[in-house]
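Close look at the chain arrangement
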Amino acid sequence: MRVLVFCPTYPRMPLVKSVTLQALMSLDCPAYELVFSREDIPDPDRAQGHQNMFEKYTRARKMVLDGGYDALLTVEADIVVPQDGLAKLLEVDAQVAYGLYCSRKAHYGNNWLVIQEPGSVLAPPASLDDGFRRAAWGNVVESVGHGLGCTLIRREVFERVHFRYPDPLVACDWYFAMDCQAEGIRQAHHCGVICGHVHGNEILWPDPETTYRRTVVGAH
């Protein structure tokens, strides 16, 4: 099993959060190769930023197909992936397996990015349900995305689905998740792959009781 671990960097300093870099270098799965992508644009607005990420993920897909990799793990530059995260995601019986992390966006309210309602970019996160959070914690649950903050994608997915970017205000990760739905590709979240999401000087962590908790960077 050859896995390409792909980290699309920021267009400004720091290119990668230090805690993200430390986590990437500590993954305990031996057969992976780590690549950072830094094809950036100065001071992007929202649409330019989405375009930039789309181009990076398109490049990652090509690298997997051309390079003979069995899978791609995407870890974005502000995500803290656990040491056993890659190993656990490889065990998931799904062609697209997501790690668990919280949103930083206001309309998601720092909830878990686990969407179970197909077809809507504004679908409410499943973690709004207290019972769901407690039952899902540590387990694998069906989902329809979304987000590429910590996502394992099998090679056969890229043979059927490519990244696209038809709306400048919607990131390509959502269209990728919807296209996987349309192709009947199974997606799932491993709610035991607990990832931090760096937000300023803090890290947001999923929590089964209160949705999320905060720690100071360097103190988690």
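Our subject in this report is the structure included herewith. Bear in mind the structure is a predicted one, so any value in this text is a computation, not a measurement. (Residues numbered from 1 in each chain as written. Predicted model: local features only at pLDDT ≥ 70, side-chain atom pairs only at ≥ 80, totals over all residues. Heavy atoms only, no water.)

Re the nonpolar core
- With 46 residues, the main nonpolar core has V3, V5, L27, L73, L86, C150 and L152 as its most contacted residues.
- The element that contributes the greatest number of residues to this core is strand 8 (residues 187–194), accounting for four residues.
- I153, V170, W174 and I185 belong to the second largest nonpolar core, which has 27 residues in total. (Core = buried A, V, L, I, M, F, W, Y, C linked by side-chain atoms within 4.5 Å. Buried < 20%, exposed > 50% of the residue type's maximum accessible area, 1.4 Å probe, protein only. Helix = DSSP H or I, 4+ residues; strand = E, 2+ residues; numbered from the N terminus.)

Things to note about the packing of aromatic side chains
- All told, the structure shown has eight aromatic pairs when counted by the stated rule.
- Relative to W137, the ring of W112 lies with its centre 5.7 Å away and its plane at 40°, an arrangement referred to as tilted. Taken together, the positions of W112 in the loop between strand 5 (96–100) and helix 4 (130–136) and W137 in the loop between helix 4 and strand 6 (140–142) put the pair 25 residues apart, joining distant regions of the chain.
- For W112, a relative accessible area of 0% corresponds to the buried category.
- Residue classification places W137 among the partly exposed positions, given a relative accessible area of 31%. (Phe/Tyr/Trp six-rings, centres within 6.5 Å; stacked < 30°, edge-to-face > 60°.)

Some words on the sheet that holds strand 4 (residues 79–80)
- Strand order in the open sheet formed by four strands is 4-9-10-11, and the pairing between neighbours is antiparallel. The open sheet has two edge strands with one neighbour each: strand 4 and strand 11 (211–216). (Pairing = 2+ DSSP bridges.)

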